[in-house]
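Below are the chains, spelled out letter by letter.
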Amino acid sequence: MSDVVMDEADSLEALSGILERLTENPYDISLHAEHIRIARATNLDDQVESALEMMTVFWAAGESVWLPLIERRTSTGDLESPEDLQAILDLYARAEQDYLSIPLLQKHLEFLVERYEHIAESESRPEGLGELFSPDWMHETLAKVADQGIGHLTKSHLLWDIRRDWEFELLQNSSGENRERLASLVEAMLLERLQQPHSNYEETFQAYSSFTTNHKPHDQYELLLVQATKLRSRSVKGFQLRERLEASLEQASFSLEGYAYYLGVERRRKTPDIFVVKPLYERAIAEADKRRLNGEPGAEDALRSFWTGYVDFLRTQDVDDEQLLLTFRRGMRSVPASGELLARYMRFLERALDSEEAAVQIGAVYEKAQSVAPLLSDVEQLVAAVLARAGFEKRSIEAGSSGEDYESLLQILMDGISKVRKASKTGDPRLRLEKYLSAVCLDVDDLHANAVVLWEDTAKHYKTSYLAWTSYTDVLIKEHMYDDVRKVFRDVSAKHLDWPEAIWDAWVSFEQLHGTVEELENALAHIERAQTQVNARRAKEAEKAQLAAAQLIAETQASALPIAQAPVLVKAESVPETIAMDVDPSAASGSHSKRKAEDEGAAEDSKKPRMEEQPVKLKRDRENSTVFVGDLPAGVEDEELRALFKDCGVVREVKITQLPNSLVATVEFLERDSVPAALTKDKKRVRGQEIAVHLAWRSTLYITNFPEDADDTFIRTLFGKYGEIFDVRWPSKKFKSTRRFCYVQYTSPTSAENALELNGTDIEEGRRLSVYISNPERRKERTDSDANEREIYIAGLSKLATKEDLETLFKIYGTVKDVRMILDDKGKSKGFAFIEFASEAEARAALAANNHELKKRRMAVTLADSRVKPKTKAPGYREEVRNRSVRVKNLPPGTQEGLLQQALEKHAKIKRVEVFADINEAELELESPAEAGKLLLRQDPIEFNGNTLQIVAENTTGPPTSRPIAPPSGTSGFFVPRNAVSRPRAGLGSKQRGFATGQTGGSRPGAPAAGGSGTSANSGGGGGAKGQDDFRKMLLGGK
């Protein structure tokens, strides 16, 4: 919150105005922030204190509010008075219940130590203090305050060190039996700290070593340190496991996206560590509150998400009810407008308290929520709260604790429906409260008529909602009011509804079940006329959409840049790293050679008439035929999106994804021509909520030239501060092991535009990050496919030759992009290297260095075309490759090869990774058998995206596995299924290799035997139970 500058008259007038607005709406946090700014502008300390205090009454407050308030109370209070001291301590306790704040806790500890020392140095202890600031009280209080931040991995030492120093000083000045007692307390404190993950664990260990030297027998020193080393090993490992996450979070300026990603990683672990996760939620919540107070968009939603995630986590960890109750109360002070959290709170009270006390508490909590204006204006949050309150009331009635009177339940639901319709013009498109109330009425004999009245009123209110009208007709049908049903269908069939087809289908189904032939045909005639009207209206709308789409295409083609000032990748030479190739794992591995053959064939065929040259079709047309849909309402379903886009073209696939702070989807069409019409759906409403539609690539960045050790966490935290990230895609390294680029897709184009400021940023010395909008129309189809022609192979090098020697020698031929020198265990050259140039012409020019003398050795220089493979392998080659290969099982669906390689490279040196998506397995080729053994002998499990990986040895003696480790000749270095290499051949040894009749040694696990039908063994033979084929015959009338 930045202060404003006003003259005295203006500030006092503004202060009066803001106080009047706060009286009307005390739960508007932006008004409190404005109140504090205006109060500071008056330069009146009393007004500032009043503004700060007022905010703490209605809202949980952060350190920016509490620290100035505490400082003022400390400076104006009488610290010699026990009453004033207690008031300040109570203020600290109130402040620490709101949010985790290391500066606040640090200030509290310093105040305690300073007051203790002052009282200890006084000639006499002030009367009325009682136990306050006695040594025992200080032991307990310092521990309690420091423990509130003890789980903060990087800053907890700021608190614990204050406590440690006070304890050490007290021990140093003690004697006799008291000294032994204090030594025992300090030892327990140190041993407990050694078992807690924290950043300065080495300093803690040194403190324990010093303590042991000074306060333990000398002959026990080594034994105690060995025990302490074993004791701390797990905590050290725990911190090191998260050290990179902490560094990345700091580099991302502690963005909310960074916290959400960090929490996601911790929650996906097989056994989440509550010591780490609990304070991590506290940190995320405190950061979100700080950003909310500063008016950052999306901070409120993130804060609500963190709180609901926090209480859900604590519930799954079986924490005691007292701690969970305190957390709920804190959460409701922080986000009083969160209906989701309120619903969880009421369910907790119902579960934790007896029925009578729960009724009182839930009634009070719900009643207080009715005064929170932001809650009453948010349909989603309001519906969640009303359903939770009604659920408790209904269960109480059914249990007999509230009698048999449904009046209170009906009143709760009707009041909720009224508030929802008042909160928004569109109300609740899903009609959740109406459905709940209708179900209650239909369950009670005396209330059936109420259900009819309810849906009649609902249909009149939601005039264009097919759901309201079909629900109305459904309840009429249940009540056997068939004439009324027909009247409703006739009246509404031609109206402008959001889904008229649903009404028509319902009408036809009704007449087929309950009508005569004449009534059915009459309904069909009405529907035909209604279809004509609706189709005419849609034709006009489609014509408008086509005009808008044509205009959009014209503007896009006329513009040199699709987004203002956005650097779009045009040439390979414009960036220091190779432009991205298509990372679709389903891409055919042999496309490069096949295209070349087709080109040659086209040149030789002179009989075919020459056609007008067409633009090259992009290989990944998915990028051009997909739109991204954001700002979706909670609970939206696949069918709703298909219905929204069905008039734009044929929808191939809809994928809905729940992100930490939003619900988004991708909609892929069969034809890219459908996309312009789909873009006109931007700003349309789904379930009453305005959605955003844009081309997927407009919110996608192509990023390259980052540090070699950068991983997914590094990228997410670096780019997460610009907006919510939908996905990060990493390339496979089949083409080239040194490939270093990725794609980051945001949920909005604005975030991608903002992140472009990182383009050209110095990430490390001599390396500048490259960030571009990933326009698929303006990049090469496979820019890594010519990497072979741009790379040379050098043999015969001296062991004294260095990477710098090669760079100096070959830079005269062109731009050297990469030098890969193969080194031995001692870091010396093995005698060969690879050099990549920026272009093929430069690589060919470098062939002139063949036979050049370097370090008294003549070297051989050739093009490093990896596609040129010898027809035969050296004896034992495949066996050698299999000996240094392992198989990884239990992969999560959709595993990216690049991400898997990143995860496993932390444990061993990986040479090649291939994922088999159909069986969720992968094969790894490692640098050596020793590296393979390192993985196989590893005792600690490896977690990857929530799954525990199973690592097993490759079969080295039996028949070949489903897919080979060693790349067969003629495949350009790609992995291909072993069964696809050649057909079975008769001859010596063929039987042993699994080619005999009936064997399936080369098939993948779970696949049917060759030539088999793939059906279950139980399907054959007679006498069995009827199966699916019999059921199909019955449906088809025996045909």
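Residues numbered from 1 in each chain as written. Predicted model: local features only at pLDDT ≥ 70, side-chain atom pairs only at ≥ 80, totals over all residues. Heavy atoms only, no water.

As recorded in an unreviewed UniProt entry, the protein chain goes by U4/U6 snRNA-associated-splicing factor PRP24 and comes from Trametes pubescens.

Participant: Now, about the overall build of the protein chain: what can you tell me, with residues and values included?
Facilitator: Helices and strands together make up the secondary structure of the protein chain, namely 38 helices and 24 strands. Counting every position in the protein chain, which comprises 1039 residues, the buried fraction comes to 46%. Pairs at least 24 residues apart make up 66% of the contacts formed inside the protein chain by residues separated by at least 6 positions. Split by element, the accessible area of the protein chain, about 54,000 Å² in all, is 50% carbon and sulfur. (Helix = DSSP H or I, 4+ residues; strand = E, 2+ residues; numbered from the N terminus. Buried < 20%, exposed > 50% of the residue type's maximum accessible area, 1.4 Å probe, protein only. Contact = heavy atoms within 4.5 Å. Areas by Shrake-Rupley, 256 points an atom, 1.4 Å probe, with all protein chains shown as cover.)

Participant: Residues and numbers for the nonpolar core, please.
Facilitator: Membership of the largest hydrophobic core comes to 161 residues, with the highest contact counts inside it found for Phe133, Phe306 and Tyr472. Setting aside residues up to four positions removed in sequence, Phe133 forms contacts with Leu85, Leu89, Leu112, Arg115, Tyr116, Ile119, Arg125 and Met138. Listed in part, the 65 residues of the second largest apolar core include Val627, Leu644, Cys648 and Val654. (Core = buried A, V, L, I, M, F, W, Y, C linked by side-chain atoms within 4.5 Å.)

Participant: Tell me what's going on with the side chain of Glu724, and back it up with residues and numbers.
Facilitator: Within the secondary structure, Glu724 is located in the loop between helix 30 (712–719) and strand 8 (725–729). Put simply, Glu724 is tucked away with no salt bridge, and the nearest opposite charge, on Arg716, sits 9.2 Å away. A polar contact is formed between the side chain of Glu724 and the side chain of Ser662, at a distance of 2.6 Å. Excluding its chain neighbours within four sequence positions, the residues that come into contact with Glu724 are Glu257, Leu659, Pro660, Asn661, Ser662, Tyr746 and Thr747. (Lys, Arg positive; Asp, Glu negative; His and termini not counted. Salt bridge = Lys/Arg side-chain N within 4 Å of Asp/Glu carboxyl O. Polar contact = N/O pair within 3.5 Å; in protein donor to acceptor, adjacent residues only side chain to side chain.)

Participant: Please set out the UniProt feature "coiled-coil region" (unreviewed entry) in the protein chain residue by residue, giving values where relevant.
Facilitator: The positions UniProt marks with the feature "coiled-coil region" (unreviewed entry) are residues 510–537. Measuring from the first to the last C-alpha atom of residues 510–537 gives 27 Å, for a span that is 93% helix and 0% strand. (UniProt positions renumbered as here; feature names shortened; annotations may be inferred.)

Participant: Tell me about the packing of aromatic side chains, and please be specific about residues and values.
Facilitator: Overall, the coordinates contain 26 aromatic pairs when judged by the stated rule. Pairing Phe328 with Tyr345 gives two aromatic rings, centres 5.4 Å apart and planes at 15°, and the pair type is stacked. With a gap of 17 residues between them, Phe328 in helix 15 (residues 321–334) and Tyr345 in helix 16 (residues 339–352) connect regions that are remote in the sequence. The exposure classification of Phe328 matches that of Tyr345, with both residues buried. Geometrically, the ring pair formed by Tyr466 and Trp499 is edge-to-face, given 5.1 Å between the ring centres and 75° between the ring planes. A residue pair is termed long-range when its members are at least 10 positions apart, and Tyr466 in helix 23 (residues 466–478) and Trp499 in the loop between helix 24 (482–492) and helix 25 (500–514) qualify at 33 residues. According to the relative accessible area criterion, Tyr466 is partly exposed, its value standing at 24%. One aromatic cluster is present, formed by Tyr281, Trp307, Tyr310 and Phe313 through successive ring pairs. Lying across the ring of Phe205, Arg232 places its NZ or CZ 4.4 Å from the centre. (Phe/Tyr/Trp six-rings, centres within 6.5 Å; stacked < 30°, edge-to-face > 60°. Lys NZ or Arg CZ within 6 Å of the ring centre and 35° of its normal.)

Participant: Explain the pairing of strand 21 (residues 921–926) residue by residue, including any values.
Facilitator: For strand 21, a buried count of six out of six residues is recorded, marking the element as mostly surrounded by other parts of the structure. By the alternation rule, side chains of strand 21 split into Glu921, Glu923 and Glu925 and Ala922, Leu924 and Leu926, which are all buried. Relative to strand 21, strand 19 (residues 885–889) runs antiparallel, the two sharing four bridges. Bridging across to strand 21, Val888 finds its partner in Ala922. For strand 20 (residues 910–916) and strand 21, the ladder comprises six bridges, and the chain directions are antiparallel. The partner of Arg912 across the bridge, within strand 21, is Glu925. (Pairing = 2+ DSSP bridges.)

Participant: Can you lay out the environment of Thr761 for me, pointing to particular residues and giving the numbers?
Facilitator: With respect to the secondary-structure elements, Thr761 resides in the loop between helix 31 (749–755) and strand 10 (762–764). Thr761 sits in the partly exposed class, given a relative accessible area of 27%. With sequence-adjacent residues up to four places away left out, Thr761 is seen in contact with Arg767, Arg768 and Leu769. Within the structure, Thr761 has its side chain in polar contact with the backbone oxygen of Leu758 (distance 2.7 Å).

Participant: I'd love a proper account of the sheet that holds strand 19, names of residues and values included.
Facilitator: Within the open sheet, the four strands sit side by side as 20-21-19-24. Their pairing is antiparallel. One side of each edge strand has no neighbouring strand; the edge strands of this open sheet are strand 20 and strand 24 (950–953). Put simply, the sheet's adjacent strands are angled 25° from each other on average, direction ignored. Lying on the sheet, helix 35 (residues 897–904) is in contact with strand 19, strand 20 and strand 21; it crosses strand 20 at an angle near 135°. (Axes fitted to C-alpha atoms, helices over the stretch in contact; angles between N-to-C directions.)

Participant: Describe unusual backbone geometry, naming the residues involved and giving the relevant values.
Facilitator: For Asp318, which is not glycine, the phi dihedral falls at a positive 60°. By the secondary structure assignment, Asp318 is in the loop between helix 14 (299–316) and helix 15. The phi angle at Arg687 is positive, at roughly 55°, despite the residue not being glycine. Examined against the element boundaries, Arg687 turns out to sit in the loop between strand 4 (685–686) and strand 5 (689–690). For Arg687, a relative accessible area of 16% translates into the label buried.

Participant: So what's going on with helix 24? Which residues, and what values?
Facilitator: Looking only at helix 24, the buried set comprises Val485, Arg486, Val488, Phe489 and Val492. Projection of helix 24 onto a plane perpendicular to its axis shows the buried side chains occupying an angular sector of 160°, all on one side. (Arc of directions from axis to C-beta.)

Participant: Can you break down the pattern of salt bridges residue by residue, with the values?
Facilitator: One pass over the structure, following the stated rule, counts 61 salt bridges. Between Glu340 and Arg344 there is a salt bridge, with the nearest N and O atoms lying 3.4 Å from each other. With Glu340 and Arg344 both in helix 16 and four residues apart, the pair spans about one turn of that helix. Arg389 serves as the salt-bridge partner of Glu393, at 2.9 Å between the closest nitrogen and oxygen. You can see Glu393 and its partner Arg389 sitting in helix 19 (residues 379–399), four residues apart, about one turn around the helix. On the basis of relative accessibility, which here comes to 12%, the residue Arg389 falls in the buried class. Linked through salt bridges whose partners overlap, the residues forming this network are Asp45, Asp46, Glu49, Glu53, Arg72, Arg73 and Arg94.

Participant: Kindly report on the packing of helix 15 against helix 16, identifying the contributing residues and their values.
Facilitator: Contact pair helix 15 / helix 16: the axes reach a minimum separation of 10 Å and the direction vectors enclose 155°. Viewed along their axes, helix 15 and helix 16 adopt a mutual orientation that is roughly antiparallel. Along this stretch, helix 15 crosses helix 16, giving a crossing that reads as left-handed. From helix 15, Asp321, Leu324, Leu325, Phe328, Arg329, Gly331 and Met332 reach across to helix 16, where they touch Leu341, Leu342, Arg344, Tyr345, Phe348, Leu349, Arg351 and Ala352. Of the residues in the contact of helix 15 with helix 16, the class split is ten nonpolar, one polar and four charged. (Parallel < 35°, antiparallel > 145°, perpendicular 65-115°, else oblique. Left-handed = near helix turned anticlockwise from the far one by under 90°. Nonpolar A, V, L, I, M, F, W, Y, C, P; charged D, E, K, R; others polar.)

Participant: Give a description of helix 4 (residues 63–76) that names residues and reports values.
Facilitator: Compared with the 20 Å implied by 1.5 Å per residue over 14 residues, the 19 Å span of helix 4 between its first and last C-alpha is a close match. Within the sequence span of helix 4, burial applies to Val65, Trp66, Leu69, Ile70 and Thr74. Down the axis of helix 4, the smallest arc covering the buried residues is 145°, so these residues share one side. Exposed side of helix 4, more than 90 degrees from the buried face: Glu71, Ser75 and Thr76 are the residues found there. (Expected span 1.5 Å × (residues − 1).)

Participant: I'd love a proper account of the environment of Val372, names of residues and values included.
Facilitator: Along the chain, the position of Val372 falls in the loop between helix 17 (355–369) and helix 18 (373–376). Assessed through its relative accessible area of 4%, Val372 is described here as buried. Among residues more than four places away in sequence, those in contact with Val372 are Tyr27, Pro336 and Ala337.

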